There are 2 protein chains.
Amino acid sequence: MATIVTAISATSVPAQTDVFSAQESDPNVIGWMQGFPPPDDKLITQPDSNYFSFPKLRWSVCHLREFLPTEVIRRGVGAPVPLSYPTPSEFADLALEIDALTFMPIDGTEEITWEESLYANYTDGMIVMHRGEVVYERYFGCLEEDGKHAIMSMTKSITGLLAEILLAEGVLDDTRPVREVVPEIGDSAVASSTVREVMDMTTGVQYSENYSDPNAEIWDYSRAASPLPKPADYEGPDSYWEYFQQVEPEGNHGDAFHYKTINSDMLGWIISRVTGKSVTDLASERLWRPMGAEMDAHQTVDAKGVPFAGGGVTAGLRDLARLGTLMLNEGEIHGKRLFPAEVAQKISAGGDRSKFAGFPTIPNGSYTSQWWIFHNEHGAYAARGAHGQTIYVDPTAEMVLVRVASYPRAQNGFIDPTSLPAYQAVADHLMAR
Amino acid sequence: MATIVTAISATSVPAQTDVFSAQESDPNVIGWMQGFPPPDDKLITQPDSNYFSFPKLRWSVCHLREFLPTEVIRRGVGAPVPLSYPTPSEFADLALEIDALTFMPIDGTEEITWEESLYANYTDGMIVMHRGEVVYERYFGCLEEDGKHAIMSMTKSITGLLAEILLAEGVLDDTRPVREVVPEIGDSAVASSTVREVMDMTTGVQYSENYSDPNAEIWDYSRAASPLPKPADYEGPDSYWEYFQQVEPEGNHGDAFHYKTINSDMLGWIISRVTGKSVTDLASERLWRPMGAEMDAHQTVDAKGVPFAGGGVTAGLRDLARLGTLMLNEGEIHGKRLFPAEVAQKISAGGDRSKFAGFPTIPNGSYTSQWWIFHNEHGAYAARGAHGQTIYVDPTAEMVLVRVASYPRAQNGFIDPTSLPAYQAVADHLMAR
């Protein structure tokens, strides 16, 4: 059942232990899967181990395709468009400066350094771009510059971005009810919501992602979406899309933001229906190819080959920085326009703050089109995924920051206190450059 | 159980039907997996359909990663080194010339054209290089220039090439018994064979790949190697490597060539043991990166993450042409030497022909280091995989040809009659250029 749990959410699977520090739990230090064959106690296998629990998580975030079937997001076959870097000595100086920055964690009592925050957050990869140039880049744990990392719920933001592009092009109409776009949805509770409500996660649907509740719908969803053969006596829905056809109502559409991953996968279905393309092919065509990505990305699939639009993507750190650059530059990268500026402007403007609550580290926030908007002084917004994934866009500082991580717990609420102030500190530092 | 059957072998899964022509069975014509969702009768899924039987095979050869866990063979993040092409008008002229070439199939009664042979063989991709230049390139069925195709047992030839490179470097000694290199092999029948016997498939081991025999060892091997969760009552070996530990003897080591895939996976284990690297990482380091590959390749894995060294690779057509070029040029590509010339020379010189029998379309052949040597006038040799895969190297004509295909039956014996004379015809034509 690890399929979904892996990648989703704001709530969490309890971590096996939080005792190991980032350094102690480094997968190279533990030695997971080292040796031919590895010793039994260093094996991480799909059938018989919870490969997405800490500390195994720290290895598995770079190896998801070795457990699950995946579909490619193709970069094409040409040369990638390289990112810009300062001279090596400038780059080295910047790294020293940034590593030494200090800040006060949220609700903290003493300042910590930027570099300490990387370890506090079990960072696997951190890249910072300022005014189009890479000013900081480091890899830890399982990640290398040519490796890829599970981006978990940041996948949602790619799905949402694709939807906004289709809206701007008039291919999709966000005022339409879902049942008109996808008639197969039948009498499901989601049928009467609008595409916009799906995009903003304000649908009134019965769905809990509370992993500690064995009756939470997330478990049914996991079973439905598993690409592994179903048990002989299984009678539930098979695939993401069959699951939606039997979702029950809860509350009213449009009333409030509820973080429910089924919205993202429903949006994936909507996108595929109006374009005739899988979300992987669309992401390739609209993003990965034209942005000059240096690596393919990939996305886990269900038993019917449908990509997990709510959490299945694995990608390279620099390609995520290209994606963030596209957002910061409102649709342009390397002098090429990939989508209208209004797409990024609409997302960064944010959603209805009155409908957003329950995230203490984002007190003034909103959620729209599968992106998190901080509504802070810098107008920052982000893609966010469990265990510490983020693409953080700060328009005021002209900064894009991408962090991938394998924090022991899934909830960003634990990770934000040593992250968000760090991002502010580096933004302030870069603005003074 | 499709895991292994998919990719192996000289023997075969009976094809569902041979009635459909290449044009009729084109997956785009049938419409496999088209639509969101596809109609039930157009679904190809892992749990409940034999996705590697014809005509589904014609779709699945390009989509193996969507059914099975895989490990990447990284190309790295830099720019690929492009292949050389003639001018577009020269290229178009060459295509017309080559398409119109005629030849007599083996045991045939009338000549057919080169182009007809492509359809007769259910070709998905064909590229021909002559004196370092691409002179012919076409894609069919599920394959596109930026797509990838299962190469099945051609995987063995990559494994064999890596082993020969290690021999040339003195890292591996092919006179050593397997038990000295991999002590875990225990009392298995393969323990007393030499590395060379494993490389040349002359081990005396009980192992049948006759798919029509339900008691053939291939079925046990498939169960052992499946990456899917094992049934609760399963007590057999789990993984390729555990399987080898209980192989029984049959005949004598060194007596004769027997095409048994377990040798290739045993060779994979040997390679990993002496290098401390997976075959995927080694193929990346020694081949994919330095040859300027334009796409990552990937390789299916067992439940313990071990890549299928006997058949699991999926790769791009042009990258396979780069591999063939490396062989033709005896270790050099794009002016760079990747391995000593003796590696390719040893392979192309061939193995002991007196030990080779049972392949009517290769009457004078031999098999060495996981490559097939024709011992024909041109000194041609090949990597070969089920359902029509080949990298065909013709040193006399200075030609490399790669064909990937999805012929309804697995056995190349059915495919060679309209293939090998076609390769000779195009070689003769190019030599007269």
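Cut-offs applied
Residues numbered from 1 in each chain as written. Chains lettered and ligands numbered in written order. Predicted model: local features only at pLDDT ≥ 70, side-chain atom pairs only at ≥ 80, totals over all residues. Heavy atoms only, no water. Pairing = 2+ DSSP bridges. Helix = DSSP H or I, 4+ residues; strand = E, 2+ residues; numbered from the N terminus. Contact = heavy atoms within 4.5 Å. Axes fitted to C-alpha atoms, helices over the stretch in contact; angles between N-to-C directions. Least-squares fit on C-alpha atoms with pLDDT ≥ 70 in both. Buried < 20%, exposed > 50% of the residue type's maximum accessible area, 1.4 Å probe, protein only. Domains from an automatic or database assignment. Buried area = accessible area lost by both parts, 1.4 Å probe. Salt bridge = Lys/Arg side-chain N within 4 Å of Asp/Glu carboxyl O. Polar contact = N/O pair within 3.5 Å; in protein donor to acceptor, adjacent residues only side chain to side chain. Nonpolar A, V, L, I, M, F, W, Y, C, P; charged D, E, K, R; others polar. Core = buried A, V, L, I, M, F, W, Y, C linked by side-chain atoms within 4.5 Å.

If you check an unreviewed UniProt entry, chain A appears there as 6-aminohexanoate-dimer hydrolase from Roseivivax halodurans JCM 10272.

> Explain the sheet that holds strand β7 (residues 297-300) of chain B to me, and be specific about the residues and the numbers.
Residue and element names in this part refer to chain B. As summarised here, the arrangement of the four strands in space is β1-β7-β8-β6, forming an open sheet in which the pairing is antiparallel. On the outer flanks of this sheet lie β1 (70-73) and β6 (149-150), each paired with one strand and no other. For β7 and strand β8 (residues 313-315), the ladder comprises two bridges, and the chain directions are antiparallel. Note on β8: the bridge partner recorded for His298 is Thr314. Its contacts with the sheet place helix α12 (residues 279-288) against β1, β7 and β8, and it is angled at close to 20 degrees to β1.

> How would you summarise the relation of the copies chain B and chain A if you had to cite specific residues and measurements?
Placing chain B over chain A gives an RMSD of 0.0 Å and needs a rotation angle of 180 degrees, together with 0.0 Å of translation along the axis. The operation mapping one copy onto its partner corresponds to a two-fold rotation axis. The fraction of interface residues of chain B whose copies in chain A are also interface residues reaches 100%, indicating that both copies meet through the same surface.

> Which residues make up helix α12 (residues 279-288) of chain A, and what values do they have?
Working note: α-helix, 3.6 residues per turn, so residues spaced by three or four point in the same direction. Taken across its 10 residues, α12 of chain A has eight buried, putting it largely inside the fold. For α12 of chain A, every residue scored as buried is listed here: Val279, Thr280, Leu282, Ala283, Ser284, Arg286, Leu287 and Trp288 of chain A.

> Got a sec to walk through the pairing of strand β15 (residues 399-405) of chain A? Specific residues and values, please.
Residue and element names in this part refer to chain A. Across the seven residues of β15, seven count as buried, placing the element largely inside the fold. Both faces of β15 are covered, namely the face carrying Met399, Leu401, Arg403 and Ala405 and the face carrying Val400, Val402 and Val404. Here strand β4 (residues 123-130) runs beside β15; their pairing, made up of seven bridges, is antiparallel. By the bridge assignment for β15, His130 is matched with Met399.

> Can you tell me about the domain arrangement of chain A, naming the residues and giving the values?
Residues and elements named next belong to chain A. By the assigned domains, chain A splits into domain 1 (36-68) and domain 2 (149-432). Taken over C-alpha atoms, the centre of domain 1 sits 26 Å from the centre of domain 2. With 10 residues of domain 1 in contact, the opposing surface of domain 2 contributes 13 residues. The contact between domain 1 and domain 2 buries some 960 Å² in all, and 74% of this surface belongs to carbon and sulfur atoms. The largest per-residue losses of area from domain 1 upon contact with domain 2 belong to Val61, Leu64 and Leu68, which jointly make up 42% of the total buried on that side. Seen at the junction of domain 1 and domain 2, the total is zero salt bridges. Taken together, the links from domain 1 to domain 2 amount to two residue pairs in polar contact (both at pLDDT 80 or more). Its residues assigned to classes, the side of domain 1 that touches domain 2 comprises seven nonpolar, one polar and two charged.

> Got a sec to walk through unusual backbone geometry? Specific residues and values, please.
Following Phe36 of chain A, the chain continues to Pro37 of chain A via a peptide bond in cis, the omega torsion being 0 degrees. Within the secondary structure, Pro37 of chain A sits in the loop between α2 (27-30) and α3 (57-60). The phi dihedral of Asp107 of chain A is positive, around 60 degrees, even though this residue is not glycine. Along the polypeptide, Asp107 of chain A turns up in the loop between β2 (102-103) and β3 (112-113). A positive phi angle is found at Met33 of chain B, which is not glycine, with a value near 60 degrees. Tracing the backbone shows Met33 of chain B in the loop between α2 (27-30) and α3 (57-60). Residue class for Met33 of chain B comes out buried when judged on its relative accessible area of 17%.

> Would you mind going over the nonpolar core in detail, with residue names and values included?
Residues and elements named next belong to chain A. Of all hydrophobic cores here, the largest spans 101 residues; its most connected members are Phe244, Met266, Leu287, Trp288 and Phe339. Ranked by the residues each element gives to this core, the list is headed by helix α6 (residues 154-168), at eight residues. Two domains each donate at least three residues to this core, and these are domain 1 (36-68) and domain 2 (149-432). Residues within four places of Phe244 in sequence aside, it is in contact with Ile185, Ser188, Val190, Tyr221, Ile262, Asp265, Met266 and Trp269.

> With reference to specific residues and values, describe the interface of chain B and chain A.
Each side of the interface is counted separately: chain B has 48 residues, and chain A has 48 residues. Counting the surface lost from both chain B and chain A, the interface buries some 3,600 Å², and carbon and sulfur atoms represent 58% of this. Interface area lost by chain B to chain A is led by Phe36, Arg65 and Val77 of chain B, which between them contribute 22%. Note that Asp146 of chain A is salt-bridged to Arg289 of chain B, the shortest N-O span being 2.4 Å. The interface formed by chain B and chain A contains 14 residue pairs in polar contact (both at pLDDT 80 or more). Those elements that provide at least two residues to the side of chain B that touches chain A are β1 and α11 (262-275) of chain B. Partitioning the side of chain B that touches chain A into residue classes produces 20 nonpolar, 11 polar and 17 charged.

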